[in-house]
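Given next are the chains, with one letter for each unit.
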Amino acid sequence: MQLEIRPDPAEVGRARRWARSRLVGSGIGDEEPLAETLILLVSELVTNAVVHTGCPAVLRLSLPGGAAEPSIVRLEVADSSDRAPVPRCAGDEATGGRGLALVDGLADRWGWSVEGAGKRIWCELDRCAAPAEAAVDRGGAAECAGGVRKEPRPAYGGLAYGAV
């Protein structure tokens, strides 16, 4: 499924509403932590496309068909700008510059690739088989809590970061 995005900041809210409406048929409930994480990732990647490129973009979502088995949720934003995404280290007083750090911290995987004259930025979230399963300590192995699979990872770019 995909949504065309105009280079207008109002499109960020429209993209969030569109993504939330797509969750209904996928077996991902609003109460799942995965849903809120996915909506935040949509917001960050669409904002980056709208603010930093000034070009139209395409938002794509690949959602699982049900909750019976582990699956991967994939989010992609493609635009026609050849400008590579550049993670920044925002200062305490900065009002922006934390988007890719959030993506790095929330997604299980993310990256980007050249696509034609533009690029595609993507991220993936692992969805565990049964959201009711409790997290199990496997000596540093991946955990599954609340239906969201998280891998242990080093700090972003070697730096620690936190939300205030």
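Everything that follows concerns the structure shown earlier in this document.
Before going into details, it helps to say that this report is about the structure given with it.

Procedures and definitions
- Sequence order as written defines the numbering, with residues in each chain counted from 1.
- Per-residue local features are limited, in this predicted model, to residues with pLDDT of at least 70; the limit for side-chain atom pairs, both in listing and counting, is 80 or more; totals at the level of whole chains, interfaces and linings are taken over all residues.
- Calculated side-chain values reflect all of the structure's heavy atoms, with hydrogen atoms and water omitted.
- To define a nonpolar core, start from buried Ala, Val, Leu, Ile, Met, Phe, Trp, Tyr and Cys residues and group those joined through side-chain atoms within 4.5 Å.
- We call a residue buried when its accessible area falls under 20% of the maximum for its residue type, exposed when it is over 50%, and partly exposed in between, using a 1.4 Å probe and counting protein chains only.
- A run of H or I in DSSP becomes a helix once it reaches four residues, and a run of E becomes a strand once it reaches two; helices and strands are each numbered from the N terminus.
- Note on contacts: a residue pair is in contact if any heavy atoms of the two residues lie within 4.5 Å.
- With axes taken as lines fitted to C-alpha atoms, and helix axes fitted only over the stretch in contact, angles between N-to-C directions fall between 0 and 180 degrees.
- Note on terminology: angles under 35 degrees are roughly parallel, angles over 145 are roughly antiparallel, angles of 65 to 115 are roughly perpendicular, and the others are oblique.
- Each crossing gets its hand from how the near helix is turned against the far one by less than a right angle, where anticlockwise is left-handed and clockwise is right-handed.
- A carboxyl oxygen of Asp or Glu within 4 Å of a side-chain nitrogen of Lys or Arg is what we treat as a salt bridge.
- A pair of strands is treated as paired once DSSP finds two or more bridges between them.
- Given a helix with a known number of residues, its expected span is that number minus one, times 1.5 Å.

Once that is clear, we can look at the nonpolar core. If you look at the biggest cluster of nonpolar residues, it comprises 30 residues, and the most contacted ones within it are Ile-5, Leu-38, Val-46, Leu-59 and Leu-75. If you list the elements that add at least two residues to this core, you get β1 (2-5), α1 (10-23), α2 (33-53), β2 (57-62), β3 (71-79) and β5 (118-127). For this core, the element with the most residues is α2, which contributes ten residues. Ignoring sequence-local partners within four residues, the contact set of Leu-75 consists of Leu-38, Leu-41, Val-42, Leu-45, Leu-59, Arg-60, Leu-61, Ile-121, Trp-122 and Cys-123.

Turning to α1, a few remarks are in order. Turning to α1, its buried residues number three or more, namely Glu-11, Val-12, Gly-13, Ala-15, Trp-18, Ala-19 and Leu-23. For α1, the secondary structure elements touched by its buried residues are β1, α2 and β2.

With that out of the way, let us pick up the packing of α1 against α2. Axis separation between α1 and α2 bottoms out at 9 Å; the angle between their running directions is 150 degrees. In terms of axis orientation, α1 runs roughly antiparallel to α2. Remark: the crossing between α1 and α2 carries right-handed chirality. Packed against α1, whose contacting residues are Glu-11, Val-12, Ala-15, Arg-16, Ala-19, Arg-20 and Leu-23, the element α2 presents Ala-35, Glu-36, Leu-38, Ile-39, Val-42, Ser-43, Val-46 and Thr-47 at the interface.

It is possible for side chains bearing opposite charge to pair when their charged atoms get close. Following the criterion strictly, the structure yields twelve salt bridges and no others. In this structure, Asp-30 engages Arg-20 in a salt bridge whose closest nitrogen and oxygen atoms are separated by 3.9 Å. One end of the pair, Asp-30, is in the loop between α1 and α2; the other, Arg-20, is in helix α1, and ten residues separate them in sequence. Taking the relative accessible area as the measure of exposure, Asp-30 reaches 49% and is therefore partly exposed.

You can see Arg-98 is positioned in the loop between β3 and α3 (99-106). Each C-alpha atom of the pair Arg-98 and Glu-44 lies 9.1 Å from the other, and the pair is 54 residues apart in sequence.

On β1, burial follows the alternation: Leu-3 and Ile-5 on one face are buried, whereas Gln-2 and Glu-4 on the facing-out side are not. Pairing of β1 with β2, which is carried by four bridges, proceeds in the antiparallel orientation. Paired with Glu-4 across the strands is Val-58, a residue of β2.

A few words now on the environment of Val-58. Its location among the elements puts Val-58 in strand β2. A relative accessible area of 17% places Val-58 in the buried class. Between the C-alpha atoms of Val-58 and Arg-6, which are 52 residues apart in sequence, the distance is 8.7 Å.

Between its terminal C-alpha atoms α2 stretches 30 Å, which fits the 30 Å expected from 21 residues at 1.5 Å a residue. Counting buried residues along α2, 15 of its 21 residues qualify, which places the element largely inside the surrounding structure.

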